[in-house]
Amino acid sequence: MGRQAGNGWRRDRRGPGDRRTRRRSAAAAVAAGALGAVLVAAPGAGAADPGSLPYSGATSVGVHNAYEKNRYTYFADALDSGASLLELDVWTNFSGRGWRVAHNNPLGNDNNCENASSAAELRSKPRNQSLAGCLADLRAWHDANPGHRPILLKIEMKDGFAANLGRGPAQFDALVAGTLGDALYRPGELAAGHATLDEAVRARGWPSRDELAGRFLVHLIPGTVEESNPFDSLWTDREYAGHLRDLAAGGNLSRAVAFPAVHRAEAGDPRATRYSDPSIRPWFVVFDGDASAYVTGGIDTTWYAERNYLLVMTDAHAVAPAISATRPTEGEALDRVARLAAERASFVTSDWTALPSVLTTVLPRG
């Protein structure tokens, strides 16, 4: 294809003190060669340091539905895995109370979160906690792991916000900020000095991964129930983007905690066709969709990379030729990460929980 696939170097950050190692991945190098360009370099000979890459200039690996107990016994295990993206599913409506975290249960909590108040409580308390409990685990783990890798927390709002029940964007901001506080990297920090997020990333891009060490970022997508509800016309993406716009207009963007994502792959600028209200379009700088659609659907992914947008490619295993969603070989998974790095993914996700060596991989994007 004639595009650089990255040089195969990766960084592992696996515990307190931000311990770092570098390893050359033979499998990733093979994948890069198959894509048409292998960068051969040794440490000190010009190889890119993953930590020095802009956040939008790297490709890293995430875990789909990391809160489920069949993936990790405890959410702390997901945090220890080295993955750069972890996903939660959140419910707000129906007759359940509060912010529930579950896959198929809209009424209660079904997850591996514990509501730990300190690292000493991780892996010791009852699971099946609310979103507040998952956030508490994040905070406890963060406090015990200063300088940890930046982690993107992907939240699928299964049935959308419910402002009429006290679970709208403003309440979401208060809940997340009240627990994670200074551990968050927020939209207001990215936009500082610029009118919108789009203007900011196109002008100066994102901080480097090292500059984001010890921070969590949050991005939101509309959920499967919300998207199939014929009576719901205000999906999470539109609602939160409008929330950002309104906060910025009032000089209160610092209150926001999350980045709304354009959900599902589409050619061109999907914001132009997806959102009839042009005032919310500049608040989207994260895009999230099926990897196969981006790779084989005639979509020019250079558009995302050139504008410093984050591009999350899901179901990485399903790109032809498909590999296992749960237990591919290490070589197969590393090859797939390298291939999608060449296709300009910022994050690739699957269910590769059995491969921590893959989850810690960071490659140059493109």
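Reading the values: the criteria
Residues numbered from 1 in each chain as written. Predicted model: local features only at pLDDT ≥ 70, side-chain atom pairs only at ≥ 80, totals over all residues. Heavy atoms only, no water. Salt bridge = Lys/Arg side-chain N within 4 Å of Asp/Glu carboxyl O. Buried < 20%, exposed > 50% of the residue type's maximum accessible area, 1.4 Å probe, protein only. Helix = DSSP H or I, 4+ residues; strand = E, 2+ residues; numbered from the N terminus. Phe/Tyr/Trp six-rings, centres within 6.5 Å; stacked < 30°, edge-to-face > 60°. Expected span 1.5 Å × (residues − 1). Contact = heavy atoms within 4.5 Å. Disulfide = S-S within 2.5 Å. Axes fitted to C-alpha atoms, helices over the stretch in contact; angles between N-to-C directions. Parallel < 35°, antiparallel > 145°, perpendicular 65-115°, else oblique. Left-handed = near helix turned anticlockwise from the far one by under 90°. Nonpolar A, V, L, I, M, F, W, Y, C, P; charged D, E, K, R; others polar. Pairing = 2+ DSSP bridges. Right-handed = clockwise from strand over helix to strand, strands pointing away. Polar contact = N/O pair within 3.5 Å; in protein donor to acceptor, adjacent residues only side chain to side chain.

(A) A look at the pattern of salt bridges. This model, assessed by the stated rule, comprises 20 salt bridges. Two residues, Glu68 and Arg71, come together in a salt bridge whose shortest N-O distance is 2.4 Å. Per residue, the accessibility class of Glu68 equals that of Arg71, and both read buried. With a shortest N-O distance of 3.2 Å, Asp143 and Arg139 are connected by a salt bridge. Separated by 4 residues within a single helix, Asp143 and Arg139 lie in helix H3 (residues 131–144), roughly one turn from each other. A single network of salt bridges, built from pairs that share partners, joins Asp198, Arg202, Asp269 and Arg271.

(B) Structural context of the packing of aromatic side chains. For the structure on display, the rule yields 15 aromatic pairs. For the pair Tyr55 and Trp206, a centre-to-centre distance of 6.0 Å together with 50° between the ring planes defines the contact as tilted. One end of the pair, Tyr55, is in the loop between helix H1 (26–34) and strand E3 (58–63); the other, Trp206, is in the loop between helix H6 (197–204) and strand E7 (216–222), and 151 residues separate them in sequence. Residues Tyr55 and Trp206 agree in their burial class; the two are buried.

(C) Seen up close, H3. With 14 residues, H3 should reach 20 Å at 1.5 Å per residue; the first-to-last C-alpha distance of 20 Å fits that figure. Among the 14 residues in H3, 10 count as buried, and that is most of the element. Next to the buried residues of H3 lie helix H2 (75–80), strand E4 (85–91), strand E5 (100–101), strand E6 (151–157), helix H4 (169–180) and E7.

(D) Quick look at the state of the cysteines. Overall, the coordinates contain 1 disulfide when judged by the stated rule. The disulfide that involves Cys113 links it to Cys134, with 2.0 Å between the sulfurs. The sign of the 100° torsion about the S-S bond sets the Cys113-Cys134 disulfide as right-handed. Linking Cys113 in the loop between E5 and H3 with Cys134 in helix H3, this pair joins segments that are 21 residues apart in sequence. Assigned by exposure class, Cys113 and Cys134 land together as buried.

(E) Just the packing of H3 against H4, in detail. For the pair H3 and H4, interaxial distance at closest approach is 9 Å and the crossing angle is 30°. Here H4 runs roughly parallel to H3, going by the angle between their axes. In this structure, H3 crosses over H4, and the sense of that crossing is right-handed. Where H3 abuts H4, its residues Leu131, Ala132, Leu135, Ala136, Leu138 and Arg139 lie against Phe172, Leu175, Val176, Thr179 and Leu180. Broken down by class, the residue content of the contact of H3 with H4 amounts to 9 nonpolar, 1 polar and 1 charged.

(F) Fine view of the pairing of strand E10 (residues 310–314). Counting buried residues in E10 gives 5 out of 5 residues, a clear majority hidden from the surface. Residues Leu310, Val312 and Thr314 of E10 are buried on one face, and the alternating residues Leu311 and Met313, pointing to the opposite face, are buried as well. In this structure, strand E9 (residues 286–290) lies alongside E10, joined through 5 bridges in parallel fashion. Considered in E10, the bridge of Gly289 is made with Met313. In this sheet, strand E11 (residues 347–350) lies alongside E10 in parallel orientation, the contact comprising 2 bridges. Residue pairing in the sheet places Val312 in a bridge with Phe347 of E11. For the segment spanning E10, helix H12 (residues 330–342) and E11, crossover handedness is right-handed.

(G) Representation of the environment of Glu68. Locating Glu68 in the fold gives a position in the loop between E3 and H2. Taking the C-alpha atoms as reference points, Glu68 and Val101, separated by 33 residues in sequence, lie 9.4 Å from one another. Apart from residues lying up to four places away in sequence, Glu68 is in contact with His103 and Asn112.

(H) Structural detail: the packing of H4 against helix H8 (residues 236–249). At a minimum axis separation of 10 Å, H4 and H8 run at an interaxial angle of 80°. With respect to H8, the axis of H4 lies roughly perpendicular. Between H4 and H8, the residues in contact are Pro169, Ala170, Phe172 and Asp173 and Glu239, Tyr240, His243 and Leu247, respectively. When its residues are assigned to classes, the contact of H4 with H8 shows 5 nonpolar, 1 polar and 2 charged.

(I) Quick look at the side chain of Asn65. On the secondary structure map, Asn65 appears in the loop between E3 and H2. In this structure the side chain of Asn65 is engaged in a polar contact, spanning 3.3 Å, whose partner is the side chain of His64. Setting aside residues no more than four positions away along its own chain, Asn65 makes contact with Arg71, Glu87, Asp89 and His103.

That's the geometry; what it means functionally is another story.
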